[in-house]
Each structure stands twice: as structure tokens, then as C-alpha cells.
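One letter stands for each residue in the lines below.
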Amino acid sequence: MSSYFCFMNIDVLIIGQGISGTFLSYYLQNEGKSFLVIDNNYSRSPSKIAAGIINPVTGRRLVTVWMVEDIMPFAWKAYQAIGHALGINAISQKSIIDFFPNPFMRESFLQKIETGDQYVHAYPEQNHFNNFFNYELGCGEIRPVYTAHLETLLPAWRSHLLKDNFLWEEDFEISHLKVEAEKIYYNDIVAEKIIFCDGTSSFDNPFFKRLPFAPNKGEALVVEIPGLPSQHIYKKNMLLTPLQEAGANLFWIGASYIWDFDNANPTEAFRESTEQALRQWLKIPFTIVEHRSGLRPATLERRPFVGFHPLHPSIGILNGMGTKGCSLAPFFAKQLTDNLVYQLPIAKDADVNRFAKILAR
Ligand SMILES: Cc1cc2nc3c(=O)[nH]c(=O)nc-3n(C[C@H](O)[C@H](O)[C@H](O)COP(=O)(O)OP(=O)(O)OC[C@H]3O[C@@H](n4cnc5c(N)ncnc54)[C@H](O)[C@@H]3O)c2cc1C
């Protein structure tokens, strides 16, 4: 960063250090770009709540996720690389042990195996989990699956940025933003671009609020389960995922997907129903230690918003990660960086310019 008169001149001002802003700043730094991140450290941001699961299949019918063959291997390498740079473990490989909750789901799983699906497998040792779980209808295995350790990665990247004064912990006030075609001004900052990675705050952003966002509420519990092996994620309607803290026996269980809600607060109903389901499923004792709740920056057509505003080329967005920020954010942060630095294209389904007409209104 260089100062010019009393201004701070930078290439890019990034708003938000969730998983999107983390990877965007990481790739911009790798390209030698100057940047500043402004982040208010909101405690309920989805990046602080997520389990970090990167799963190749989704839903009751185990449909292969969008762009899986590009996005999964990319995510694995990206988390390993940023983890290496920070001296932390940012990702682990797991498999999901899928305990069939009803005959329909069992049938669906078995049919998928018969198609030769590369991610859905039989689990030969059907009695292997008898000491830990009740599962009358058997189980199968989904692999590979990754868990991104956001609880370690986000604070580590934040400390890295703070050390060099590349992150300011404060609220971004959009009323202080002045936009020109080639530059933006924010208080005493002058930047060539501003890029919004601010999750649900973009819903009120005058430049992007017309995008078809569809906020979705999610809740999860953190539970302590002494003795439960941590090399798997366990699934029976909900996902029970090991958190990284070594030896802490901590697992994340969730999540709910609620489209109709009054606020982002945790609800007693979720806590009670999840505790009851866990009591029926688990054979060993557990203790609830935390209840998390937040809003996912989801979109109506379940695709992210990536790129620069059609009328204001100095304003960009990396958002709309929905239920899949852990896998999508590294991939699209890299595409956005390559677009900015080398004018490479952004995938059509993700490029925010697919809404050029709406944004031009
Ligand atoms: C319960 C739950 C479970 C989930 N589990 C998974 C999972 O297992 N796998 C997966 O891939 N995804 C999961 N998700 C989805 C995932 O969490 C999101 O897709 C992802 O975190 C979005 O990241 P983001 O960086 O785009 O936005 P955010 O996480 O919302 O980050 C935005 C950042 O901007 C900051 N900010 C916002 N406004 C301002 C402002 N005005 N000034 C300054 N700073 C600001 C916030 O403090 C925050 O740090 C889950 C979500 C929930 C709610």
C-alpha cells in the first residue's frame, strides 16, 4: 500500500472476511495486488457457523453437485495451499457413513450404487458402528468428502492480514462510498475496485439488491461425544461432523434449512428436536455445548453471483454461496481474481452479468 497525499491508494477494497473474502484476499495477495479488507467480525456470519462439509452428492436422491469435478479437486488443493502458507491444517478428507433413515432412502442409495456412481459406495462391515449408533436399516458410504476447518482457517488468515494492517475491523458504511468508472473512494481510501464479499449485507446494497437473493436460515448444535471416532461424518437425516479441535470430542450436528423465518436467532424448537433425534440415534452419552444460528446468502437459482457490475465496472461481488460456500468460494475467488488480473472469463452460470438487465435498471 502506498500513500498519496492523505489518501491510501490500493488496487482492491474487499468488504467481508468470511470464506469468500478470505480466498479472494489470498488470491489477490498471490498476484501481488494491494488490498484492504474491512470486516466487522459479526459473530453469526454463516462462515463462523458452518461445518465446512464439501460433499460431492446432495439431497434425498444423492444428485451429483454442480461442477463437482472441477470444484472438489480445486477446493482440496486450495485449502491445502492456504493452510500450508499459514502453517495450519485447513482441510481433512473424510467419508460420510449414511445410516438409512427409512426404506425409501435405503432403496435410493442402493440404486445409486448400481449405476456405478463414483461417490456412492456399499459399506461391507454393516455392524461396524453397532456400539455407537442405532441403525436398523443399515448404512452406505459416500466418499471422498472433505471438511474445511473454517474455525481454524478464518482466525489464522485474519491474524495474517491484521499483522500487516491489511484488515480493518469495523463496519463498512455504504453511504460513505463514492463510485467512478475507474475508481472508488471510501473515506480516505482510493481503490480501483471494491468487491463485496459481505454475505447477507449485500441484500441491502443499492448496487446489488435487485439480484435474486433468497436468504435461508440454518441452525446447528455443537455437542461433546467422548469416544466417537472422528474419521467419519455420520448421517441420518442430519449430519454429525467432527470439529477439528484435537482430543476435544466435539461434533457439529445440523443443519436446518428454513425459508420462512422472523429473525436469525437460535430456536428452542430446533434444539429440542435435534437433541431428541440424537438421543434416539446415539447409544453413547453426549453433552450440548453450543447452539449456532445464522442466515445463508442463498440465491433463487442456487448459483453464486461473481463478477463486476455491468454499469459500474469498479464494483464487484463474490456472494450467493448458499449452502455450499466452503466448496464454491475458493473456486470462484480464483476465477474473479483471474478475471480482474488477466481478463479471463467467469463461468456463465455464476457470472453476475447474467443479470445485466436487472442490474441496469
Ligand atoms: C448452519 C449452517 C451450516 C452450513 N454448513 C455448510 C457446510 O457444511 N458446507 C458449506 O459449504 N457451506 C455451509 N454453509 C453455508 C456457508 O456457511 C456459506 O455459504 C458461506 O459461509 C458464505 O460465506 P461468505 O464469505 O460468502 O459470507 P459470510 O460468511 O456471511 O461472510 C461475510 C463477512 O462480511 C462481514 N460483513 C458483512 N457486512 C459487513 C459490513 N457492513 N461491514 C463490515 N463487515 C461486514 C461479516 O462479518 C462476515 O465476516 C452453512 C451455513 C449455515 C448457516
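These remarks concern the structure in this document. (Residues numbered from 1 in each chain as written. Predicted model: local features only at pLDDT ≥ 70, side-chain atom pairs only at ≥ 80, totals over all residues. Heavy atoms only, no water.)

1. Comments concerning the site of the ligand
Then, number 1: Near the ligand you find 37 residues, and of these Asp-39, Asn-40, Ser-47, Ser-201 and Gly-322 are the closest.
Then, number 2: Within the side chain of Asn-40, one N or O atom sits 2.6 Å away from an oxygen atom of the ligand.
Then, number 3: A distance of 3.2 Å is found between an oxygen atom of the ligand and a backbone nitrogen or oxygen belonging to Pro-46.
Then, number 4: In isolation the ligand offers 1,000 Å² of accessible surface; the protein chains occlude 95% of this area.
Then, number 5: For the shell around the ligand, the elements supplying multiple residues, two or more each, are helix H1 (19–30), strand E3 (35–39) and helix H6 (325–342).
Then, number 6: If you tally residues by element for the shell around the ligand, the top one is H6, at three residues.
Then, number 7: Considered class by class, the residues forming the shell around the ligand number 15 nonpolar, 16 polar and six charged. (Near = heavy atom within 4 Å. Polar contact = N/O pair within 3.5 Å; in protein donor to acceptor, adjacent residues only side chain to side chain. Areas by Shrake-Rupley, 256 points an atom, 1.4 Å probe, with all protein chains shown as cover. Helix = DSSP H or I, 4+ residues; strand = E, 2+ residues; numbered from the N terminus. Nonpolar A, V, L, I, M, F, W, Y, C, P; charged D, E, K, R; others polar.)

2. Regarding the nonpolar core
Then, number 1: Among the nonpolar cores identified, the biggest contains 58 residues, and Phe-23, Leu-24, Ile-54, Tyr-79, Leu-318 and Phe-332 are the most heavily contacted of them.
Then, number 2: The residues contacting Leu-318, other than those within four sequence positions of it, are Ser-20, Leu-24, Ile-195, Phe-196, Cys-197, Phe-305, Val-306, Phe-332, Ala-333 and Leu-336.
Then, number 3: Ranked by size, the runner-up nonpolar core spans 25 residues in total, among them Leu-13, Ile-189, Ala-191 and Ile-317. (Core = buried A, V, L, I, M, F, W, Y, C linked by side-chain atoms within 4.5 Å. Buried < 20%, exposed > 50% of the residue type's maximum accessible area, 1.4 Å probe, protein only. Contact = heavy atoms within 4.5 Å.)

3. Topic: the pairing of strand E9 (residues 139–148)
Then, number 1: E9 sits mainly inside the fold: eight of its ten residues count as buried.
Then, number 2: One ladder, built from two bridges, connects strand E4 (residues 53–54) with E9; its direction is antiparallel. From the neighbouring strand, Ile-53 faces E9, where its bridge partner is Thr-147.
Then, number 3: For strand E7 (residues 91–99) and E9, the ladder comprises eight bridges, and the chain directions are antiparallel. Within E9, the residue paired with Asp-98 across the bridge is Gly-140.
Then, number 4: Here strand E8 (residues 120–122) pairs with E9 via three bridges, running antiparallel. Within the sheet, the bridge partner assigned to His-121 lies in E9 and is Glu-141. (Pairing = 2+ DSSP bridges.)

4. Some details on empty space enclosed by the protein
Then, number 1: Within the structure shown, the criterion is met by two cavities of 30 Å³ or more.
Then, number 2: By volume, the largest cavity amounts to about 80 Å³.
Then, number 3: Lining the largest cavity, in full, are Ala-50, Ala-51, Gly-52, Thr-147, Ala-148, His-149, Leu-150, Glu-151, Pro-242, Leu-243 and Gln-244.
Then, number 4: Every element with two or more residues in the lining of the largest cavity is listed here: E9 and helix H4 (150–163).
Then, number 5: The residue makeup of the lining of the largest cavity, split by class, is six nonpolar, four polar and one charged.
Then, number 6: Put simply, the second largest cavity is a space of about 50 Å³.
Then, number 7: Around the second largest cavity, the lining residues are Gly-59, Arg-60, Leu-62, Asp-98, Phe-100, Pro-101, Met-105, Phe-109 and Lys-235. (1 Å grid on protein atoms, 1.4 Å probe; cavity = no way out; pocket = protein on both sides within 12 Å on 5 of 7 lines; lining within 4 Å. Points joined across faces, edges and corners; volume = space filled by probe spheres on them.)

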